Amino acid sequence: MNSVDKIFAPALDLDNRLADALTWEHGGRLWPSSEQQTLTCCRVVDETHDIKSFEFRTADGLPVRFEPGQFMTVSASVNGQSVERCYTISSPPTRPFLVSITVKRVPGGTMSNWLHDNMKPGRELRAYGPSGTFTPTAAPATKSLYLSAGSGVTPLMSMTRASIDLGLNRDVIFIHSARTPADIVFREELSRLAKLSPRLRVFFVCEGVGDEADWDGPIGRLSLQLLSQWAPDYLEREVFTCGPAGYMNAVRGLLLEGGHDPARYHQESFDIGAGVAPEPAPAVKEADGACGTFTVKLSRSAKSFTMSATDTVLSAAKKAGVAVASSCSQGVCGTCKTKLLEGSVDMKHNGGIRDREVQKGFRLLCCSRPTSDLVLEL
Ligand SMILES: Cc1cc2nc3c(=O)[nH]c(=O)nc-3n(C[C@H](O)[C@H](O)[C@H](O)COP(=O)(O)OP(=O)(O)OC[C@H]3O[C@@H](n4cnc5c(N)ncnc54)[C@H](O)[C@@H]3O)c2cc1C
């Protein structure tokens, strides 16, 4: 064992235990991210004035296997339109019989308002299986720093709940930012978990006091000074961040300014289009197909359509009336992952697909442009 292995051995051991515990055979059935299931709502919890948690069980009542930090893509018919959105599973995989999502009501937002207004115990929701790479097992560490804002608390909450359930006593500093104390999601539970695990330290920072005049925590936004006070060893910590794009840009800037190693920074973006720059369409060369158009054949439905080389396969499929499950359209969420049986594409994703899936022939249609005729497993 070399010196690096020695330093990371305890963390790897913890994370291997976490990984083992999460994939243990009786710990839940594999639910592929390409497969839809019907979930039944069993409980709705008001977390704050605009955030609710919805707890679901599977139709057959069997447990679900996932990693903390992963999300599901839920699907509903809203005003006659099929709508799909990603929501992180806020419950831990250590309680696999129920999966919960914690949803912030977005003004004017289609799915979040529909869920808040319609999802009640007994109602059903279609969802694709868990997906995503924002998980602690992907980046083993002896010490972690969790930074969240608003509903971005959800993946970090699942990670925290899982490690407490497993008795892992991981060294985690969890700093959550909120508008006011009343907006702090999971405030009581996080404070209680911190009491259960001495190596979990939880801090809240609020932009204003709101109705809680006796709030004795700091007021303002997370600063380098506050970070150094609460996590003096932050340079040694693996950082996991989730929140609105503006928050994550600010946090990333702070960490870079403080000298944190960007390779040890991991983030999950909920803001589709805000945090991720869309990939510009490449210039079409004369050699690309006839006038830069290609034919796409679908193996299961035996349909086919032609498309321009400048278009993404997802958008061309939708224009051709082909139903493809999708959500973010930015190569983040992985909902449109599809096997490419023949041909080649230029894919520019943003973390929504793993290397081993690419090696197995899968591609994200939302960020793939054809470079030849294609056959897709659809
Ligand atoms: C991996 C991942 C995990 C996520 N996890 C969570 C989670 O745990 N909790 C959570 O709350 N959210 C989460 N999200 C965000 C979630 O997927 C949705 O984006 C969010 O709930 C908003 O969806 P919506 O349908 O309500 O809003 P949308 O209908 O998508 O609208 C979003 C915004 O666009 C505006 N808008 C809509 N239509 C128009 C239009 N035609 N013109 C101009 N503006 C318009 C709306 O007013 C609103 O402000 C996650 C996202 C990702 C990618």
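Residues numbered from 1 in each chain as written. Predicted model: local features only at pLDDT ≥ 70, side-chain atom pairs only at ≥ 80, totals over all residues. Heavy atoms only, no water.

**Quick notes on the pattern of salt bridges**
Using the following cut-off: Any carboxyl oxygen of Asp or Glu that lies within 4 Å of a side-chain nitrogen of Lys or Arg is treated as forming a salt bridge with it. Each helix is a run of DSSP H or I of at least 4 residues and each strand a run of E of at least 2, with the numbering of both proceeding from the N terminus.
Counted according to the given criterion, the structure contains 18 salt bridges. Its salt-bridge partner being Arg201, residue Asp171 comes within 3.2 Å of it at the nearest N-O pair. Residue Asp171 is found in strand β8 (residues 171-178), and its partner Arg201 is found in strand β9 (residues 200-206); the two are separated by 30 residues along the sequence. Taken together, the shared-partner salt bridges in this structure form one network comprising Lys143, Asp171, Arg201, Asp233, Glu236 and Arg237.

**As for the packing of aromatic side chains**
The criterion, for reference: Aromatic rings from Phe, Tyr and Trp, with only the six-membered ring used for Trp, were paired whenever their centres fell within 6.5 Å, and each pair was classed as stacked if the ring planes differed by under 30 degrees, edge-to-face if by over 60, and tilted otherwise. Exposed residues in this analysis have more than 50% of their type's maximum accessible area, buried residues have under 20%, and partly exposed residues fall in between, with area computed by a 1.4 Å probe over protein chains only. Two thresholds decide whether a charge sits over a ring: the Lys NZ or Arg CZ must be within 6 Å of the ring centre and within 35 degrees of the ring normal.
Applying the stated rule across the entire model yields 4 aromatic pairs. Ring plane angle 15 degrees and centroid distance 4.6 Å describe the contact between Phe203 and Trp230, whose orientation is recorded as stacked. Here the residue Phe203 occupies a position in strand β9, and Trp230 occupies one in helix α5 (residues 224-230), the gap between them amounting to 27 residues. Judged by its relative accessible area of 11%, Trp230 falls in the buried class. Among the aromatic residues, ring-to-ring pairing joins Phe134, Tyr146, Phe174 and Phe240 into one connected group. Of note, Arg161 hangs over the ring of Phe186, and the distance from its end group to the ring centre comes to 4.7 Å.

**Overview of the sheet that holds strand β18 (residues 374-376)**
Which entries qualify depends on this criterion: A pair of strands is labelled paired if DSSP reports no fewer than 2 bridges between them. Note on definitions: angles span 0 to 180 degrees between N-to-C directions of axes, and those axes are lines fitted to C-alpha atoms, for helices only across the stretch in contact.
Pairing is mixed in the open sheet, where 5 strands are placed in the order β13-β12-β18-β14-β16. Across the chains shown, the open sheet's two edge strands, defined by having one partner strand only, are β13 (304-308) and β16 (362-364). Within this sheet the neighbouring strands show an average axis-to-axis angle of 40 degrees, counted without direction.

**Points about the pairing of strand β12 (residues 293-298)**
By the alternation rule, side chains of β12 split into Phe294, Val296 and Leu298, which are all buried, and Thr293, Thr295 and Lys297, of which none is buried. One ladder, built from 5 bridges, connects β12 with β13; its direction is antiparallel. Bridge pairing in β13 places Val296 opposite Phe305. In this structure, the hairpin formed by β12 and β13 is closed by a connection of 5 residues, where Ala302 is found at a positive phi of approximately 60 degrees. Pairing of β12 with β18, which is carried by 3 bridges, proceeds in the parallel orientation.

**Concerning the sheet that holds β9**
What counts, and what does not: Any two residues whose heavy atoms approach within 4.5 Å at even a single point are treated as in contact.
The 5 strands are arranged β9-β8-β7-β10-β11 in an open sheet whose pairing can be described as parallel. Sheet topology places β9 and β11 (265-269) at the edges, where each strand pairs with a single neighbour. Averaged over all neighbouring strand pairs, the angle between strand axes comes to 15 degrees, with direction disregarded. Note that strand β7 (residues 143-149) and β8 share 7 bridges and pair parallel. When the sheet's bridge partners are listed, Leu145 is paired in β8 with Ile173. Helix α3 (residues 153-165) contacts β7, β8, β9 and β10 (238-243) of the sheet and is inclined by roughly 140 degrees relative to β7.

**Remarks on the layout of surface pockets**
Note the cut-off: Cavities and pockets were defined on a 1 Å grid built from protein atoms only: a cavity is a group of points that admits a 1.4 Å probe but offers it no way out, a pocket is an open group of points flanked by protein on both sides within 12 Å along at least five of seven lines, and a lining residue is one with an atom within 4 Å of any such point. Grid points are joined across faces, edges and corners, and a volume is the space filled by probe spheres set on the points.
One number sums up the size of the largest pocket: a volume of about 1,200 Å³. Lining the largest pocket are 47 residues; nearest its centre among them are Ser151, Gly243, Pro244, Phe270 and Asp271. Listing elements by their share of the lining of the largest pocket, those giving two or more residues are β4 (81-88), β5 (99-104), α2 (110-118), β8, α6 (245-258) and β11. It is α6 that contributes the most residues to the lining of the largest pocket, 5 residues altogether. Approximately 1,000 Å³ is the volume found for the second largest pocket. Lining the second largest pocket are 39 residues, and of these Pro32, Ser33, Ser34, Lys337 and Glu357 sit closest to its centre.

**As for the pairing of β9**
By the criterion of burial, β9 is predominantly enclosed, with 6 of the 7 residues buried. Examined bridge by bridge, β8 and β9 share 7 bridges and lie parallel to one another. The residue of β9 that forms the bridge with Ser177 is Val205.

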